[in-house]
Amino acid sequence: MSVSLDSRNVARRLLLIQFLAVMASGLLFSLKDPFWGISAVCGGMAVLLPNMLFMIFAWRHQAHTPAIGRVAWTFAFGEALKVLLTFVLLMVALAVFKVAFLPLIVTWVSVLVVQILAPAVINNKG
C-alpha cells in the first residue's frame, strides 16, 4: 500500500473517531438538556469542520510536487486557516446561536484531545 493511501486512511479514521466523539458528547449532554446537547455538537463541529477542510486542502496539494520551501508555507497557511475557522465557528456558536458555554467548551477540548491521542492509537500496530 502506498504511503499516500495509508495516510488518507489514517486521516479518515481520525475524522471518524472525532465524529463519534462529537456524537457521543452530544448524546450525553442531551441527557441533561437538549439545548446542552446542541451546544456540545456545536463545540465538536468547531473542531471537526476545520479539520475536514485542512485534510481536504492537504490531499489536494499532496498530488502535486511543489518545491520544498513551498510545502512548509502551504502547511502553515492551512494550519492558520484552520485556527481562524475554529475561532470563527466558536464565536458564531456563542454570539449568534447563544449556546451553553460549558458543553461547548468541554466537547471542544475533548475532540482536541482525541485529535492528539487518536493517531497514536491508530498507528499502534502491535
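From a predicted model like this one, the values you see are computed outputs, not experimental measurements.

Caption draft 1: Region of interest: the overall build of the protein chain. Looking only at helices and strands, one finds four helices and zero strands in the protein chain. Taken from N to C terminus, the helices and strands of the protein chain fall in the order α-α-α-α. Looking at the protein chain residue by residue over its 126 residues, the buried ones come to 30%. Excluding contacts between residues fewer than 6 apart, the proportion of contacts in the protein chain whose partners are at least 24 apart in sequence is 76%. When the accessible area of the protein chain is evaluated, it comes to approximately 8,100 Å², of which 77% is carbon and sulfur surface.

Caption draft 2: Main features of the pattern of salt bridges. A complete count under the given rule lists one salt bridge for this structure. A salt bridge links glutamate 79 to lysine 82, with the nearest nitrogen and oxygen atoms 3.5 Å apart. With glutamate 79 and lysine 82 both in helix 3 (residues 68-95) and three residues apart, the pair spans about one turn of that helix. Take glutamate 79: its relative accessible area is 26%, and that puts it in the partly exposed class.

Caption draft 3: Quick look at the packing of aromatic side chains. In total, this model carries three aromatic pairs according to the counting rule given. Aromatic pair phenylalanine 54 and phenylalanine 75: ring centres 5.6 Å apart, planes at 75 degrees, arrangement edge-to-face. One end of the pair, phenylalanine 54, is in helix 2 (residues 34-62); the other, phenylalanine 75, is in helix 3, with 21 residues separating them in the sequence. Centre to centre, the rings of phenylalanine 57 and phenylalanine 77 are 6.0 Å apart; their planes meet at 55 degrees, and the pair counts as tilted. Here phenylalanine 57 is found in helix 2, whereas its partner phenylalanine 77 is found in helix 3, with 20 residues between them in sequence. The ring centre of phenylalanine 54 lies 5.1 Å from the NZ or CZ of lysine 82, which sits over that ring.

Caption draft 4: Seen up close, the side chain of lysine 82. Accessibility expressed as a relative area gives 12% for lysine 82, which makes it buried. If we skip the residues at most four places from it in the chain, lysine 82 touches Pro50, Asn51, Phe54 and Gln115.

Caption draft 5: Region of interest: the environment of methionine 91. Tracing the sequence through the fold places methionine 91 in helix 3. We classify methionine 91 as partly exposed; its relative accessible area is 37%. In this structure the C-alpha to C-alpha distance between methionine 91 and alanine 46, which are 45 residues apart in sequence, comes to 9.6 Å.

Caption draft 6: Focus on the UniProt feature "transmembrane region" (unreviewed entry) in the protein chain. As recorded in UniProt, the sites labelled "transmembrane region" (unreviewed entry) are residues 12-29, 35-59, 71-94 and 100-122. From the first C-alpha to the last, residues 35-59 spans 36 Å; its make-up is 100% helix and 0% strand. Here residues 71-94 runs as 100% helix and 0% strand, with 35 Å between its end C-alpha atoms.

How each quantity is defined
Residue positions are given per chain, counted from 1 along the sequence in the order it is written. Under the rules for a predicted model, residues below a pLDDT of 70 receive no local features and side-chain atom pairs below 80 are neither given nor counted, while totals for whole chains, interfaces and linings still include all residues. With hydrogens and water excluded, all non-hydrogen atoms of the structure serve as input to the side-chain values. Secondary structure follows DSSP: runs of H or I at least 4 residues long count as helices, runs of E at least 2 residues long count as strands, and numbering of each begins at the N terminus. Per-residue accessibility, obtained with a 1.4 Å probe over protein chains only, is compared with the maximum for each type, and a residue is labelled buried under 20%, exposed over 50%, and partly exposed between these values. The contact criterion used is simple: two residues touch if any of their non-hydrogen atoms lie within 4.5 Å. Here the accessible surface of atoms and residues is derived via Shrake-Rupley with a 1.4 Å probe, and residues count as covered only by protein chains that are part of the display. Salt bridges, as used here, are contacts in which a Lys or Arg side-chain nitrogen is within 4 Å of a carboxyl oxygen on Asp or Glu. Working definition: a ring pair exists when centres of Phe, Tyr or Trp rings (six-membered ring for Trp) sit within 6.5 Å. Plane angles under 30 degrees give stacked, over 60 give edge-to-face, the rest tilted. In our convention, an over-ring charge means Lys NZ or Arg CZ found within 6 Å of a ring centre and within 35 degrees of that ring's normal. UniProt positions are given in the numbering used here, feature names are shortened, and annotations may be inferred rather than shown by experiment.

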